[in-house]
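These are the residues of each chain, in order.
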Amino acid sequence: MGKGLKLTAKHTWIWPFAGCVVLSVAIALISGGFSGRTIFLNVTLASFSFLLGLCEMLVITSGDGAIDLCAPYVVTLCAYISANWLRDDKAVLGIFIIIGVCVLIGAVNGLINIYLKVHAMIGTLAVGYIIYSIVLVYSKSANVKPSKTLMKFAQTNWDGFSLITVLCVILLVIMAVVMYKTKFGKRLHAVGQGHHIAELAGIPVKKMLMLVFIFSALIAGVTGVLLGAYVNGSFQTLGDSYQMPAIAAALVGGTLVSGGRSSVLGTFGGAILLTLLSSMINIMGVAAGWQKLVEGVVIILILVAADSRSSRA
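On a predicted model such as this, the values are computed, not experimentally measured, just so you know. (Residues numbered from 1 in each chain as written. Predicted model: local features only at pLDDT ≥ 70, side-chain atom pairs only at ≥ 80, totals over all residues. Heavy atoms only, no water.)

Trainee: Hey, could you run me through the overall build of the protein chain in this one?
Mentor: Regarding its fold elements, the protein chain presents 14 helices and two strands. C-alpha atoms of the protein chain, sized along the principal axes, occupy 60 × 60 × 35 Å. Looking at the protein chain as a whole, 50% of its 313 residues are labelled buried. Nonlocal contacts in the protein chain, meaning residues at least 24 apart in sequence, comprise 77% of its contacts between residues at least 6 apart. For the protein chain, the exposed area adds up to about 14,800 Å²; of that, 71% sits on carbon and sulfur atoms. Positive and negative charge centroids in the protein chain, built from 21 and 10 side chains respectively, lie 8 Å apart. (Helix = DSSP H or I, 4+ residues; strand = E, 2+ residues; numbered from the N terminus. Buried < 20%, exposed > 50% of the residue type's maximum accessible area, 1.4 Å probe, protein only. Contact = heavy atoms within 4.5 Å. Areas by Shrake-Rupley, 256 points an atom, 1.4 Å probe, with all protein chains shown as cover. Lys, Arg positive; Asp, Glu negative; His and termini not counted. Charge placed at Lys NZ, Arg CZ, Asp CG, Glu CD.)

Below, the structure written as structure tokens:
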């Protein structure tokens, strides 16, 4: 039993994936049968929460209770930009524009947090409101429908298993290597365990935090491009519904809220778990007003259970 607790405490991704299995069985029993296509569809929908979950995982891992609250606004802005610029002969320029916008937003978040000493939650929320104001102005004259090529790319699937899921798996592998096999990842986890201690150890904390905010914004930008194409267009609140699921996916997956510990695979499992939970609640016919309450209670129970097991281990 002790070995089992140590194993699950070390590999926190086990819990969300175990939950996915339980929910998949529950959905099959409630709906009257198992459908692989339904599971694949849920995984595709979870992909967007996973991508934003990576943004939150990066920022949360950096410590100091940091959370990136402007990520959904970056998603919406980049969806609009992609609809207008990722077209024909403008596509290359559009890619550079999106990258430039994301780097600028990430750098601003970093500067506010590092040099103005504004906590990340407050600073990123303020930047998010500025981005939303830009979206309100830009959306009045912008094209909201992406190019047919981009939509075809984002909506490609093989009997429910989507190209977006494939891209997420590739990014998952890349992020796992970066977080656990490179100097950047090791330094980031050290920074998350204490900024002052990391500085004494010779780690360039300010540089690390700046890179974290920039990488977060870049991933959010990619999410916006894919999400806008997947849903056939942009709208002003496109990214809003992914804010809480993204944070919850990172935390349920095993990322420590105080920083210093992350789980890329767990974030993926957490995103799928929350999507399956939402699907099960919908299938059960729970009233809309109660759905978020049920989801919130379940998330709290999962977090408490995971924390207690880690403590005992």
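Trainee: I tried to follow the pattern of salt bridges on my own but got confused; where do I start?
Mentor: Two side chains of opposite charge can pair, provided their charged atoms sit close to one another. Here the structure, examined in full by the defined rule, presents one salt bridge. A salt bridge links D159 to R37; the shortest N-O distance between them is 3.1 Å. Taken together, the residues D159 in the loop between strand 1 (157–158) and strand 2 (161–162) and R37 in helix 3 (residues 36–61) connect sequence positions 122 residues apart. Look at D159 and you get exposed, because its relative accessible area is 58%. Residue R37 is classed as partly exposed on the basis of its relative accessible area of 47%. (Salt bridge = Lys/Arg side-chain N within 4 Å of Asp/Glu carboxyl O.)

Trainee: Hey, could you run me through the environment of V25 in this one?
Mentor: For V25, the location among the structural elements is in helix 2 (residues 14–31). Between the C-alpha atoms of V25 and W158, which are 133 residues apart in sequence, the distance is 23 Å.

Trainee: Would you mind going over the packing of aromatic side chains with me for this structure?
Mentor: All chains considered together, the criterion is met by nine aromatic pairs. Taken together, a centroid distance of 6.3 Å and an interplanar angle of 65° make the contact between Y73 and Y129 edge-to-face. Note that Y73 is positioned in helix 4 (residues 71–85) and Y129 in helix 6 (residues 120–138), a separation of 56 residues in sequence. Centroid distance F184 to F215: 5.5 Å. Interplanar angle 70°. Geometry classified as edge-to-face. In this pair, F184 is assigned in helix 9 (residues 183–192) and F215 in helix 11 (residues 205–230), connecting sequence segments 31 residues apart. (Phe/Tyr/Trp six-rings, centres within 6.5 Å; stacked < 30°, edge-to-face > 60°.)

Trainee: Looking at this structure, how should I read the nonpolar core?
Mentor: For soluble globular proteins, nonpolar side chains are generally found buried alongside one another. Counting residues in hydrophobic clusters, the biggest one holds 84 residues, and the most contacted among them are F50, L52, V74 and I131. Looking at which element gives the most residues to this core, the answer is helix 11, with 14 residues. Discounting residues that sit within four places of it in the chain, L52 has contacts with A71, V75, A220, T223, Y242 and A246. Ranked by size, the runner-up nonpolar core spans five residues in total, among them I60, I67, L69 and I247. (Core = buried A, V, L, I, M, F, W, Y, C linked by side-chain atoms within 4.5 Å.)

Trainee: So what exactly am I meant to see when it comes to unusual backbone geometry here?
Mentor: Working note: non-glycine residues mostly have negative phi, and peptide bonds are mostly trans. Phi is positive for D88, close to 45°, though the residue is something other than glycine. A relative accessible area of 75% means that D88 is categorised as exposed. Positive phi, close to 55°, is recorded for D159, a residue that is not glycine.

Trainee: How should the packing of helix 8 (residues 163–181) against helix 9 be read in this particular structure?
Mentor: Relative placement of two packed helices is described by the angle separating their axes and the distance separating the axes. Relative orientation of the contacting elements helix 8 and helix 9 amounts to 65°, with a least axis distance of 4 Å. On helix 9, the residues that touch V178, M179, Y180 and K181 of helix 8 are K183, F184, G185, K186, L188 and H189. Residues of the contact of helix 8 with helix 9, tallied by class, amount to five nonpolar, two polar and three charged. (Axes fitted to C-alpha atoms, helices over the stretch in contact; angles between N-to-C directions. Nonpolar A, V, L, I, M, F, W, Y, C, P; charged D, E, K, R; others polar.)

Trainee: In this structure, what is going on with the side chain of T275? I would like to understand it.
Mentor: Here T275 shows up in helix 13 (residues 264–283). You can call T275 buried: its relative accessible area is 12%. Residue contacts for T275: discarding those within four places in its chain leaves N42, L45 and A46.

Trainee: What's the story with helix 6 in this structure? I'm lost.
Mentor: Because an α-helix packs 3.6 residues into every turn, residues spaced three or four apart end up facing the same way. The end-to-end C-alpha distance of helix 6, which contains 19 residues, comes to 26 Å, matching closely the 27 Å that a straight helix rising 1.5 Å per residue would cover. What helix 6 keeps buried is the set A120, G123, T124, V127, G128, I131 and V135. The arc that holds every buried residue of helix 6, seen down its axis, measures 135°, which confines them to one face. More than 90 degrees from the buried face of helix 6, the exposed residues found are I122, I130 and V137. (Expected span 1.5 Å × (residues − 1). Arc of directions from axis to C-beta.)

Trainee: What exactly am I supposed to notice about the environment of A46 here?
Mentor: As for its position among the elements, A46 is in helix 3. Sequence separation of A46 and V118 is 72 residues, and the distance between their C-alpha atoms is 32 Å.

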